[in-house]
Amino acid sequence: MAEPNAKPPADNTDSARGFAFALAAYLLWGFLPFFMKAVAHIPAPEVVAHRIVWSVPLAGLVLVWLGRTQELKAALSSPRMLKMATLTAALITVNWGIYVWAIGAGRAIETALGYYINPLFSIFLGAVLLKERPNAAQMVAIALAALAVAVLALDAGGLPWVSIGLCFSWGFYAFFRKTLPIGPNQGFFLEVLLLSVPALGYVVWLEATGEGHFGDTGMTDVLLLLACGLVTAVPLMIYANGAKLLRLSTIGIMQYIAPTMIFLIAVFVFNEPFGAMKLVAFILIWAALFLYSGAMLAESRARRAARPTPAE
């Protein structure tokens, strides 16, 4: 759920302002299941379409306000940039679709698992696609995550496709998003702009055939669908500005806030079933994330220790 193209601060220190921005974004993502439950009576494709359509004007206004439209103009004139943005836009659409459907279908626990696994899947992608060599702790963490998925598959009689779908779609999105030499706010606007044509066409078709929820089913649905733009764009943009002021290690730890909140909401508010096998799987995931975080923090400390200190 975090914007993948943000960069750590140049001086490798955390800013209180950056921490506040990132925390706000993760809290908003953590509470997002409540909104998705409120729109659960609306088909997931329609909700996703409205997330796209109403994100465009909001993200565009932010770019104009920040005065960051030049980079966007350059991207729109580059065929290669547009092709890559189309790919990342398609991946994020798949991610949103699975997430919206899963929350409405009472499978929020599986969404939490998918986002827990994501950083470990990113390490796996780096090893396979970029030939990066994971350290021993990371390899053990990946193995524990794979074992957790196997436990859930055994319990459910099939793969936890919601978790895997969210993990794969976001993991590949983050991987390809790094190839776009464009800022996070501009990149998000470019993606929703490219998606807006089919999304708007779909919304118009739904309303024309009487199957839409933007007007015919009451003002509550109109307000909920309008709010889709806010709940989509605002956390992403807040995060994008906060992540620039934080170290990667800090971001790596904070990224567990949202899935932890989703997990707690699923179990204690939505009352989703959480049996012994799911408990075993999550214990394996939490152990894997403990190893991953410990290794990441150790590497961060080692890099800081190795950095030459400025002369007094």
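As annotated in an unreviewed UniProt entry, the protein is Permease from Sinorhizobium alkalisoli. Regarding the protein, the relevant UniProt record gives this comment under Sequence similarities (unreviewed entry): "Belongs to the EamA transporter family." In its Subcellular location (unreviewed entry) section, the UniProt record describing the protein reads: "Cell membrane".

J.: Mind showing me how you'd approach the overall build of the protein here?
T.: Counting secondary structure elements, the protein contains twelve helices and zero strands. Element order for the protein, N to C, with α for helix and β for strand: α-α-α-α-α-α-α-α-α-α-α-α. On C-alpha atoms alone, the protein measures out to a radius of gyration of 20 Å, which is about the 20 Å that the 2.2 N^0.38 rule sets for 312 residues. Out of the 312 residues belonging to the protein, those deemed buried represent 49%. Look at the contacts in the protein between residues 6 or more apart in sequence, and 86% of them connect residues 24 or more apart. In the protein, the 20 positive side-chain charges and the 16 negative ones have mean positions that sit 11 Å from each other.

J.: What exactly am I supposed to notice about unusual backbone geometry here?
T.: It is generally the case that most residues other than glycine have a negative phi and that most peptide bonds are trans. Unusually for a residue other than glycine, Asn271 sits at a positive phi of about 55 degrees. Here Asn271 shows up in the loop between α11 (257–268) and α12 (276–306).

J.: What's the story with the side chain of Asn118 in this structure? I'm lost.
T.: Its location among the elements puts Asn118 in helix α5 (residues 108–129). Reaching out from Asn118, the side chain makes a polar contact with the backbone nitrogen of Gly171 at a distance of 3.5 Å. When neighbours within four sequence positions are excluded, Asn118 is seen to be in contact with Cys167, Trp170 and Gly171.

J.: Even after reading the chapter, I still don't get the environment of Ala148, so can you show me in this structure?
T.: Relative to the elements of secondary structure, Ala148 occurs in helix α6 (residues 136–156). Residue classification places Ala148 among the buried positions, given a relative accessible area of 0%. Residues Ala148 and Ala22, spaced 126 residues apart in sequence, show a C-alpha to C-alpha distance of 28 Å. In contact with Ala148, not counting residues within four places along its chain, are Ala281, Leu284 and Ile285.

J.: Looking at this model, I keep getting lost on the UniProt feature "domain: EamA" (unreviewed entry) in the protein. Mind explaining?
T.: As annotated by UniProt and renumbered to match this structure, "domain: EamA" (unreviewed entry) occupies residues 18–152 and 164–293. Here residues 18–152 runs as 86% helix and 0% strand, with 37 Å between its end C-alpha atoms.

J.: It is not clear to me how a nonpolar patch on the surface should be interpreted in this structure. Could you clarify?
T.: A surface patch of nonpolar side chains, amounting to about 570 Å² of accessible area, comprises Leu27, Phe31, Phe34, Leu264, Phe268 and Val269. Mapped by element, the contributors of at least two residues to the nonpolar patch are α1 (16–38) and α11. For the nonpolar patch, the element with the most residues is α1, which contributes three residues. Structurally, Val269 can be placed in the loop between α11 and α12.

Conventions and cut-offs
- Residues numbered from 1 in each chain as written.
- Predicted model: local features only at pLDDT ≥ 70, side-chain atom pairs only at ≥ 80, totals over all residues.
- Heavy atoms only, no water.
- UniProt positions renumbered as here; feature names shortened; annotations may be inferred.
- Helix = DSSP H or I, 4+ residues; strand = E, 2+ residues; numbered from the N terminus.
- Rg over C-alpha atoms; globule rule 2.2 N^0.38 Å.
- Buried < 20%, exposed > 50% of the residue type's maximum accessible area, 1.4 Å probe, protein only.
- Contact = heavy atoms within 4.5 Å.
- Lys, Arg positive; Asp, Glu negative; His and termini not counted.
- Charge placed at Lys NZ, Arg CZ, Asp CG, Glu CD.
- Polar contact = N/O pair within 3.5 Å; in protein donor to acceptor, adjacent residues only side chain to side chain.
- Patch = residues over 30% accessible without salt bridge, like charges linked within 9 Å, V, L, I, M, F, W, Y side chains within 5 Å.
- Areas by Shrake-Rupley, 256 points an atom, 1.4 Å probe, with all protein chains shown as cover.
- Salt bridge = Lys/Arg side-chain N within 4 Å of Asp/Glu carboxyl O.

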